[in-house]
Amino acid sequence: MSSFRTLDDIEQVSGKVALVRVDLNLPMNGGQVTDRTRINASAPTILELADAGAKVLLLAHFGRPKGQRSSTQSLSMVVDAVQDVLGREIMFVPEVAGDVVAQSVGILRDGDVAILENTRFWPGEEANDAEFAAAIAANGDFYVNDAFSAAHRAHASTEAITHCLPSFAGRAMQKELEALDRALGNPEKPVAAVVGGAKVSSKLAVLEHLVGIVDHLIIGGGMANTFLAARGVDVGKSLCEHELKPTVEAIMEAADRSGCTVHLPYDVVVATEFAANPASLRTCNVHEVAAEEIILDIGPQATEALGDVLKTCRTLVWNGPLGAFETEPFDAATVSLAKTAAALTREGSLVSVAGGGDTVAALNHAGAGDDFTYVSTAGGAFLGWMEGRELPGVAALTP
Ligand code: ADP
Ligand code: MG
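On a predicted model such as this, the values are computed, not experimentally measured, just so you know.

Basis of the calculations
- Residues numbered from 1 in each chain as written.
- Chains lettered and ligands numbered in written order.
- Predicted model: local features only at pLDDT ≥ 70, side-chain atom pairs only at ≥ 80, totals over all residues.
- Heavy atoms only, no water.
- Axes fitted to C-alpha atoms, helices over the stretch in contact; angles between N-to-C directions.
- Helix = DSSP H or I, 4+ residues; strand = E, 2+ residues; numbered from the N terminus.
- Parallel < 35°, antiparallel > 145°, perpendicular 65-115°, else oblique.
- Left-handed = near helix turned anticlockwise from the far one by under 90°.
- Contact = heavy atoms within 4.5 Å.
- Expected span 1.5 Å × (residues − 1).
- Buried < 20%, exposed > 50% of the residue type's maximum accessible area, 1.4 Å probe, protein only.
- Arc of directions from axis to C-beta.
- Phe/Tyr/Trp six-rings, centres within 6.5 Å; stacked < 30°, edge-to-face > 60°.
- Pairing = 2+ DSSP bridges.
- Right-handed = clockwise from strand over helix to strand, strands pointing away.
- Near = heavy atom within 4 Å.
- Polar contact = N/O pair within 3.5 Å; in protein donor to acceptor, adjacent residues only side chain to side chain.
- Areas by Shrake-Rupley, 256 points an atom, 1.4 Å probe, with all protein chains shown as cover.
- Nonpolar A, V, L, I, M, F, W, Y, C, P; charged D, E, K, R; others polar.
- Domains from an automatic or database assignment.
- Buried area = accessible area lost by both parts, 1.4 Å probe.
- Salt bridge = Lys/Arg side-chain N within 4 Å of Asp/Glu carboxyl O.

Points about the packing of helix 10 (residues 300-311) against helix 11 (residues 332-347)
At step 1: Between helix 10 and helix 11, whose axes approach to 10 Å, the crossing angle comes to 20°. The pairing of helix 10 with helix 11 is recorded here as roughly parallel in orientation. Along this stretch, helix 10 crosses helix 11, giving a crossing that reads as right-handed. Between helix 10 and helix 11, the contacting residues are T303, L306, G307, L310 and K311 on the first element and A333, S336, L337, T340, A341 and L344 on the second.

Quick look at the structure:
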């Protein structure tokens, strides 16, 4: 891993002004924050800096205000929730740059925390504008990025600002980068990747990157249908991207060249309608799917075989459920393999890293999320990492 600077590398914290990029793009309902996971994630960084005597200015975006002020997307709405999590009073500043921020810094005492307004109220944010970044930076002494989830975008508060101030990774960012490095950057071999979810087209770059670096590529979900169809299997009425046959063939060839075994299911769970516990539910070999049937999960034999594959591996990276897990019983394969991975992780024989919105929900549904080595809630940035892309917000922290 290219080494990045962390809080341990900051020369002097006490008496300085820290501009800290965090993820406050929180789920809200009726003006109330409904999930505090993201605040919890950055609390250690904020408290560490504040307790070491910095004045901490939090920088974050919320929603998509498109470069204009919007009263319904002001970060003033998250102040109460952040105060609650941090257990201390914080100030809200309705600007990100200029005199109002400078005056607020004058009022703050060492160890105080303030939230600046939504960075996306200004067009310079998404344009990664150097002048806008310099104006934000003018009120700080150093910059800390603790928002891995925003690191796949080169925006003023994630990228341009690092050209103005000494820049460091916060503790949550550090933890995420170290976990991802253990999973894909510098993993212990053999490495297995599970890629599931609805569509091959949404994860092409992920598949293309993974076949070159993992030992086992496990395909599940709707994507498996596209792979099976490309091999001549009749998948009936299943979700399937038939037009991707040449792409799938190219991925299989690349896997062959690099010694990556691609695992496709040989049994599947099907029904003639997509509903919970339908009367038409049955399990069959992939070659026995009828014209009116839909594949909604991979089968129990395939799932057991995949568990055996994981037992031979030291590292697992997982994105995408193996079936339509939101509807019973099409969660069975995902739940079973997640439990196997969790048990192997608990025993210490597997490093397991997972990410993706639906994947996180599926692992929690299986009661397995807490046992994984690391579960990333970063979405786009996690997928970008799985694609092997350099993330601008991470690259900016590397000397
Ligand atoms: P993530 O959010 O973790 O990246 P995706 O969004 O790619 O995952 O995929 C999740 C979705 O894929 C789920 O809504 C799930 O129901 C769907 N899915 C999984 N298997 C199938 C299938 N066989 N047919 C249709 N949809 C499926
Ligand atoms: Mg999803």
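A look at helix 9 (residues 245-258)
At step 1: Here helix 9 spans 20 Å end to end across 14 residues, near enough to the 20 Å set by a 1.5 Å rise per residue.
At step 2: Of all the positions in helix 9, only V248, I251, M252 and A255 are classed as buried. An end-on view of helix 9 places all buried positions within 100° of arc, on one side of the element. In this structure, helix 9 carries P246, D256 and R257 as exposed residues pointing more than 90 degrees from its buried face.
At step 3: The inward-facing, buried residues of helix 9 contact helix 7 (204-210), helix 8 (221-230) and strand 11 (261-263).

Re the packing of aromatic side chains
For any pair of aromatic rings, the description rests on two quantities: the centre-to-centre distance and the angle between the ring planes.
At step 1: If you walk through the whole model with that rule in mind, you get six aromatic pairs.
At step 2: Grouping aromatic residues by their ring pairs yields a cluster made of F121, W122 and F132.

Structural notes on the pairing of strand 6 (residues 113-116)
At step 1: Residues V113 and I115 line one face of strand 6 and the alternating positions A114 and L116 line the opposite face, and both faces are buried.
At step 2: With three bridges joining them, strand 4 (residues 55-59) and strand 6 adopt parallel strand pairing. Looking at strand 6, one finds that V56 is bridged to V113.
At step 3: As paired elements, strand 5 (residues 91-93) and strand 6 share three bridges and run parallel to each other. Its bridge partner being in strand 6, F92 is matched across the sheet by I115.
At step 4: In this fold, the crossover linking strand 5 to strand 6 by way of helix 3 (residues 99-107) has right-handed handedness.

Let's talk about the site of ligand 1
At step 1: Near ligand 1 you find 17 residues, and of these K203, G323, E326, D358 and T359 are the closest.
At step 2: Interatomic distance of 3.5 Å between a backbone N/O atom of G323 and a nitrogen atom of ligand 1.
At step 3: Interatomic distance of 3.4 Å between a backbone N/O atom of A324 and a nitrogen atom of ligand 1.
At step 4: A total of 580 Å² of accessible area belongs to ligand 1 in isolation, and the protein chains cover 82% of it.
At step 5: At the level of elements, helix 8, strand 14 (294-298) and helix 12 (357-365) are the ones that each hand at least two residues to the shell around ligand 1.
At step 6: The element best represented in the shell around ligand 1 is helix 12, accounting for three residues.
At step 7: Tallied by class, residues from the shell around ligand 1 come to six nonpolar, eight polar and three charged.

Some remarks on the sheet that holds strand 10 (residues 216-219)
At step 1: Strands sit in the order 11-10-9-15-16-17 across an open sheet of six strands; the sheet is parallel. On the outer flanks of this sheet lie strand 11 and strand 17 (374-376), each paired with one strand and no other. If you compare each strand with its neighbour and ignore which way they point, the axes differ by 15° on average.
At step 2: Pairing analysis gives five bridges linking strand 9 (residues 191-195) to strand 15 (residues 315-319), with the strands arranged parallel. The residue of strand 15 that forms the bridge with V194 is W318.
At step 3: Taken strand by strand, helix 10 contacts strand 9, strand 10, strand 11 and strand 15, and its axis lies near 155° from that of strand 10.

Quick notes on helix 5 (residues 130-137)
At step 1: For helix 5, every residue scored as buried is listed here: F132, A133, I136 and A137. Across the axial projection of helix 5, the buried residues extend over an arc of 135°, all falling on one side. Turned more than 90 degrees off the buried face of helix 5, the exposed positions are A130 and E131.
At step 2: Buried residues along helix 5 sit against strand 1 (17-21), strand 4 and helix 4 (123-126).
At step 3: Sitting at the amino-terminal end of helix 5 is D129, which places a side-chain oxygen 3.2 Å from the backbone nitrogen of E131.

Comments concerning the domain arrangement of the protein
At step 1: Each assigned domain of the protein is listed with its residue range as follows: domain 1 (7-171) and domain 2 (187-386).
At step 2: Distance between the C-alpha centres of domain 1 and domain 2: 37 Å.
At step 3: Each partner contributes to the interface: domain 1 provides four residues, whereas domain 2 provides six residues.
At step 4: Contact with domain 2 buries surface across domain 1, with F148, S149 and H152 losing the most and accounting together for 80% of the total.
At step 5: Across the contact surface, domain 1 and domain 2 share zero salt bridges.
At step 6: At the surface where domain 1 touches domain 2, the tally comes to zero residue pairs in polar contact (both at pLDDT 80 or more).
At step 7: The residue inventory of the side of domain 1 that touches domain 2, partitioned by class, reads one nonpolar, two polar and one charged.

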